[in-house]
Amino acid sequence: MTPPPPRFFQLLAHLSAAPVDREPILGDLQEEFEERCDRDPADARRWYRRQVLGSLGPNLRRRARLVRNRHRGHTQGDGMMGSFWQNVRYAARAARHDIAFTSVVILTLGLGIGANSTIFSAVYGLVLHPFPFPEPDRIVGVGTAFPQLGQSLRFIEHMSPAEWEDIRDQSRTLEDVVAWDMGNRQIDTEGPPQNVFTGFWWGDALRTLGMDAHLGRGFTDEEVERGDAVALLSYRAWRDRFGADSTMVGSSLLINGNPHTLVGILPEGVLLYGMDLWTVLPARPSMWPRNRRQFQVLARIRDGVTQEEVNAELEGMARQTEIAHGGEFEEYRGWSQVAMTWNAVNSQLFRTGLFIVMGAVGFVLLLVCANTANLLLARAQKRRREMAVRTAMGAGRGRLVSQLLTESVLLSTLGGVLGVGLAILGARGVRDLLARLSLPVAGTVEVNTPVLVVTAAVAVAAGIVFGLVPAFQASATELGSTLQSEGRASTATASRQRLQRSLVALEVALAFVLLAGGAYLVNSFVRMSRVDPGFEVDNLLTMRLTLPREKYAGEAVPAFFQELTDRLRAVPGIRSAAAGTQFPTVAFSFRELWFDGREASADETLPVALATVVTPGYFETLGMRLLSGRTFETSDQAGTPRVAVLNEAAARRYLPGEDPVGRRLKIGGPDADAPWWEIVGVVASTRNRGLDENPFPEVYAVHDQVGGTQNQLFLLLRTDADPRSLLPAVRSVVTEMDADQPVYAIRTVNEAFAGAASTRRATTLLLTIFGVFALILAAVGIYSVVSFTVNERTQEIGVRIALGAEGTQVRRLVVRQALVPVLVGAVVGAGLAVPLGMGLRGLLFGIGVADPVTLASAAAVLVGAAVMASWIPARRASRMDPVEALRME
């Protein structure tokens, strides 16, 4: 710490200067003195004496003019700006004088502000602005809810072509209403064909989105009406796969072996659900039955229409459909249609997790501010003499507060600069993580202008928040007592001690909330990892294969997959092989069921189950247990009686107390033309929708008996060794059968379960990291306050030791007093952790929102950290030499 100028000459200068000139003259002397002290303190004191003596009489007025002229260049008649720049220069010098303190504060603030900026950049790019569309509030998705089918509001694969046509033809509030399905197609490039995720459209979606193609154009109404073979490529595919060749537009592109005219390139950033290829759907809507729901609907709100008016109209249309078709289709009873902005529809996946994490980083930033305020309070105690001297020289309290606030804002600004650098690295890491996921949004995570503006605002606000109270405390200096102390230690005021303890309690409360949040999710994750998935997940490899309908039709499709699985079983290292339209946790195909002998009831909900088409050997490959009856055999082929298998969840829910084996059902509802399927077996349920979901009813059918309608199947391979080590052999077998058929979506079942829990896993990891960071900050805050208190109470502790107090007693005293604000903060934090648990309810598994084990664990960790943080200064106090302590004044 810089030594003060000679006290006598300080007072002499104060008395000699005119009141109007006192503050600028003495402030100028103080600044130059501190600069000289950095080089030679003794020379600085001699210089100070010469300056004061030389300023007496006429020289004083001359120096006042020099000082005023010096500042006039900065102020130009504006005293406030002059004082501001003087405060900035002084704050910069103060930061350099105590470089260790400055570095700790800047690093702490940088971490807090950097985390805040990183998460805000993710929220901005993925939730607030996930698509680069103009007028995003006018672009809506239309979802449906079918209570009779047990389906809540859905926006993916939920609407039939007839329902889309009703909206397109009847709506007066929506325009440019388009529908699409999703699937996979192969495009010919150099080398073997590549599988591309594809959208099949009725309508021109670019017109709906209000955008023009990057090159070329979108689909015309005539092309859509005729079902022409035209296509659009995403900007990403055009750049990465075709080298951004602008001559491609207008040329022919082979899709599944058929020529299509490439009419345009999609705008950069337009990537709906990862679809790199758009084509016109050649089939007419009339080819689909009214209850075949596998399409999505996108529309544009007309000018001057509100979203509330749109939903009111959609509700009226739903009631008209119920009247017109409810007798034929029971699911229309009580059904609804709802429009939501496209941004809201597609950010639901991670909106909750991101906002929870954003709240967590807000808590971290508050904790950083509390910690920094405590450090500044401790430093302010050391600067009491400096504040007293400045007060004696004529500086008012407002001047001191503005100076100290400038120092705080300067520190927070430097922390903000560091935070921006950390946010750039953090945003890059988030982008790398998102690149591995298939997200329905095209937003990007980057530190752009809005993020920088928010970061700057957060930095300045943080500087004011953590600097305001220490500034007022430090400026409230008792001039006489402080100067008489000659700079030596004195006991801190009771109000300052209470403030420091209150800040410790606040830090502990905030840290408790973050620790409890991380503990909630970790506990949930541990419990979920112990759940039995219902089958053997180890050494199980999956991949998808799509046979083009132009090449494989009818019985050729199941024949191909049956031969493929037979060949794969012969590969060394592959124990068994099968195929299916879905597998746990990749479950997306739901159908209603109709059991033979069931009486129709107007108020009864139709049974709904996952409908999975499989090849023989599916249950054995997954390791699913047979509970009754049998599974599928190779004799279950086309032309033989249709057979089905139920899982235990379906049997218990829809046929309670009965033996399902031998019963008949229809898959798809009570359609008179639908075939009957005989139930031949019941298998144990699997966690088919994820480990955090109870088993859902599921019905299985044989691929051979379904026919060639299911051309996209997942291969499932049970291996004896590392599953991925057998991938080259699998590719070789597929190539031998058809060199043009690539496999894709390759992953193990363990990876599939991890992907299903990716939002929960990411939120858990981030909250845990923030909780640990909060714990460290709280421990640092406790340590700094206890150390400062021990230093302030040196004489008191020396007296206690001189009177016979043992080291153990001194340590207990210090630790016990340090734990008082810690316990208060823990109680407050426990109260705040309960509503946090309610906010995390959607991510919790197997525990309540006020789980006592979780709260007790967080409290134990915090108290343990507090004991350790306070033990070090307590141990130092217990080893104090009482003679040396008593000599201190």
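Note that the coordinates shown come from a computational prediction; the quantities given were computed from them, not determined experimentally.

A word on the overall build of the chain
Helices and strands together make up the secondary structure of the chain, namely 28 helices and 22 strands. Relative to its full complement of 889 residues, the chain shows a buried share of 53%. Within the chain, contacts between residues separated by at least 24 positions form 81% of all contacts whose residues are at least 6 apart in sequence. Surface accessibility of the chain: about 38300 Å² in total, with carbon and sulfur atoms responsible for 57%.

Section: the packing of aromatic side chains
Applying the stated rule across the entire model yields 25 aromatic pairs. Aromatic pair Trp 202 and Phe 295: ring centres 4.9 Å apart, planes at 20°, arrangement stacked. Here the residue Trp 202 occupies a position in strand β4 (residues 194-202), and Phe 295 occupies one in the loop between β9 (277-280) and β10 (296-301), the gap between them amounting to 93 residues. The class of Phe 295 is buried, set by a relative accessible area of 1%. Through a chain of ring-to-ring contacts, three or more aromatic side chains come together here, namely Trp 180, Trp 201, Tyr 273, Trp 278 and Trp 342.

Some words on the packing of helix α26 (residues 807-839) against helix α27 (residues 852-878)
Running from N to C, α26 and α27 cross one another at 155°; their axes reach a closest spacing of 8 Å. In terms of axis orientation, α26 runs roughly antiparallel to α27. Here α26 runs over α27; the crossing is right-handed. Seen from α26, the contacting residues are Gly 807, Val 810, Arg 811, Val 814, Val 815, Ala 818, Leu 819, Val 822, Leu 823 and Ala 833; seen from α27, they are Leu 855, Val 863, Ala 866, Val 867, Ser 870, Trp 871, Ala 874, Arg 875, Ala 877 and Ser 878. Taken together, the residues that form the contact of α26 with α27 break down as 15 nonpolar, three polar and two charged.

Quick word on the confidence of the model for the chain
Summary statistics for the chain give a mean pLDDT of 80 and a share of 83% for residues scoring 70 or more. Below pLDDT 50 for its whole length, residues 70-80 participates in six contacts with residues either more than four positions away or in separate chains. Note on residues 479-492: pLDDT under 50 across the span, and 31 contacts to partners over four residues away in sequence or across chains.

What to know about unusual backbone geometry
That bond from Pro 584 to Thr 585 is cis: its omega, 5°, falls within 30 degrees of zero. Positive phi, normally seen in glycine, also occurs at Tyr 273, with a value near 55°. Following the sequence through the fold, Tyr 273 ends up in the loop between β8 (258-265) and β9. Overall, the relative accessible area of 13% leaves Tyr 273 in the buried class. One non-glycine residue, Asn 539, adopts positive backbone phi at about 55°. Mapped onto the secondary structure, Asn 539 falls in the loop between α17 (494-529) and β12 (540-546). Look at Asn 539 and you get partly exposed, because its relative accessible area is 30%.

Looking at the pairing of strand β3 (residues 174-187)
Of all 14 residues in β3, 11 are buried, a share of seventy percent or more. Direction of pairing for β3 relative to β10: antiparallel, over a ladder of five bridges. Paired with Trp 180 across the two strands is Gln 296, which belongs to β10. Relative to β4, β3 is paired through nine bridges, and the arrangement is antiparallel. Among the inter-strand pairings, Gln 186 is bridged to a residue of β4, identified as Asn 195.

Observations regarding a nonpolar patch on the surface
Judged by side-chain polarity, Val 820, Val 824, Val 828 and Leu 832 come together as a nonpolar surface patch covering roughly 320 Å² of accessible area. The topology assignment puts Val 820 in helix α26.

Side note on the pairing of strand β1 (residues 139-146)
Most of β1 sits out of view: eight of its eight residues are buried. The two faces of β1 match: Ile 139, Gly 141, Gly 143 and Ala 145 on one face and Val 140, Val 142, Thr 144 and Phe 146 on the other face are all buried. Where β1 and β10 come together, three bridges link them in antiparallel fashion. Of the residues in β10, the one forming a bridge with Gly 141 is Leu 298. Here β1 folds back onto strand β2 (residues 151-154), and the loop between the two strands holds four residues, one of which, Gly 150, carries a positive phi near 70°.

So, the side chain of His 260
The residue His 260 is located in strand β8 in this model. At 3.1 Å, the side chain of His 260 forms a polar contact with the backbone oxygen of Asn 258.

Here's the deal with the pattern of salt bridges
Within the structure shown, the criterion is met by 32 salt bridges. Between Glu 223 and Arg 217 there is a salt bridge; the shortest N-O distance is 2.7 Å. What makes Glu 223 buried here is its relative accessible area of 8%. A relative accessible area of 34% means that Arg 217 is categorised as partly exposed. Residue Glu 331 is joined to Arg 293 by a salt bridge in which the shortest nitrogen-to-oxygen separation is 3.2 Å. Residue Glu 331 is located in the loop between α11 (307-325) and β11 (336-341), and its partner Arg 293 is located in the loop between β9 and β10; the two are separated by 38 residues in the primary sequence. The exposure class assigned to Arg 293 is buried, which follows from its relative accessible area of 15%. Through salt bridges that share partners, Glu 135, Arg 138, Glu 175, Arg 300, Arg 302 and Asp 303 make up one connected network.

Focus on the environment of Val 123
Relative to the assigned elements, Val 123 resides in helix α6 (residues 99-128). Residues Val 123 and Met 358, 235 residues apart in the sequence, show an inter-C-alpha distance of 8.1 Å. If sequence neighbours within four positions are ignored, Val 123 has contacts with Leu 128, Leu 354, Phe 355 and Met 358.

A few points about the environment of Trp 594
Mapped onto the fold, Trp 594 is located in strand β14 (residues 590-595). For Trp 594, a relative accessible area of 11% gives the class buried. The spatial distance from the C-alpha of Trp 594 to the C-alpha of Ile 667 is 6.7 Å, given a sequence separation of 73 residues.

Details of the nonpolar core
Core analysis: the largest hydrophobic core is formed by 74 residues, its most contacted members being Phe 512, Ile 782 and Leu 840. Residues within four places of Ile 782 in sequence aside, it is in contact with Val 504, Val 508, Val 822, Ala 866, Ala 869 and Ser 870.

Observations concerning the packing of helix α7 (residues 161-170) against α11
Running from amino to carboxyl end, α7 crosses α11 at an angle of 125°, the nearest separation of the two axes being 11 Å. When the axes of α7 and α11 are compared, the pair comes out oblique. Taken as a pair, α7 and α11 cross one another with a handedness that is right-handed. Contacts from Asp 166, Ile 167 and Gln 170 of α7 reach α11 at Glu 313, Leu 314, Met 317, Gln 320 and Thr 321. Residue composition of the contact of α7 with α11, grouped by class: three nonpolar, three polar and two charged.

A few points about helix α18 (residues 556-569)
Over its 14 residues, α18 extends 20 Å from the first C-alpha to the last, a length consistent with the 20 Å expected when each residue adds 1.5 Å. Those residues of α18 lying buried are Val 557, Pro 558, Phe 560, Phe 561, Gln 562, Leu 564, Thr 565 and Leu 568. Elements in contact with the buried residues of α18: β12, β13 (574-580), α21 (703-706), β21 (712-719) and α22 (727-737).

So, α26
With 33 residues, α26 ought to run about 48 Å at 1.5 Å a step, and its terminal C-alpha atoms sit 47 Å apart, in line with that. The largest bend in α26 is about 30°, located at Val 820, with the proline Pro 821 one to four residues further on.

Focus on the side chain of Thr 854
Mapped onto the elements of the fold, Thr 854 is located in helix α27. Note on Thr 854: relative accessible area 3%, which makes it buried. Among the polar contacts listed, one links the side chain of Thr 854 to the side chain of Asn 523, at a separation of 3.3 Å. The contacts of Thr 854, once residues within four sequence positions are left out, are Ala 516, Ala 519, Tyr 520, Asn 523 and Ile 847.

Scoring rules and cut-offs
- Residues numbered from 1 in each chain as written.
- Predicted model: local features only at pLDDT ≥ 70, side-chain atom pairs only at ≥ 80, totals over all residues.
- Heavy atoms only, no water.
- Helix = DSSP H or I, 4+ residues; strand = E, 2+ residues; numbered from the N terminus.
- Buried < 20%, exposed > 50% of the residue type's maximum accessible area, 1.4 Å probe, protein only.
- Contact = heavy atoms within 4.5 Å.
- Areas by Shrake-Rupley, 256 points an atom, 1.4 Å probe, with all protein chains shown as cover.
- Phe/Tyr/Trp six-rings, centres within 6.5 Å; stacked < 30°, edge-to-face > 60°.
- Axes fitted to C-alpha atoms, helices over the stretch in contact; angles between N-to-C directions.
- Parallel < 35°, antiparallel > 145°, perpendicular 65-115°, else oblique.
- Left-handed = near helix turned anticlockwise from the far one by under 90°.
- Nonpolar A, V, L, I, M, F, W, Y, C, P; charged D, E, K, R; others polar.
- pLDDT = per-residue confidence, 0-100.
- Pairing = 2+ DSSP bridges.
- Patch = residues over 30% accessible without salt bridge, like charges linked within 9 Å, V, L, I, M, F, W, Y side chains within 5 Å.
- Salt bridge = Lys/Arg side-chain N within 4 Å of Asp/Glu carboxyl O.
- Polar contact = N/O pair within 3.5 Å; in protein donor to acceptor, adjacent residues only side chain to side chain.
- Core = buried A, V, L, I, M, F, W, Y, C linked by side-chain atoms within 4.5 Å.
- Expected span 1.5 Å × (residues − 1).
- Bend = angle between axes of the 7 residues up to and from the residue.

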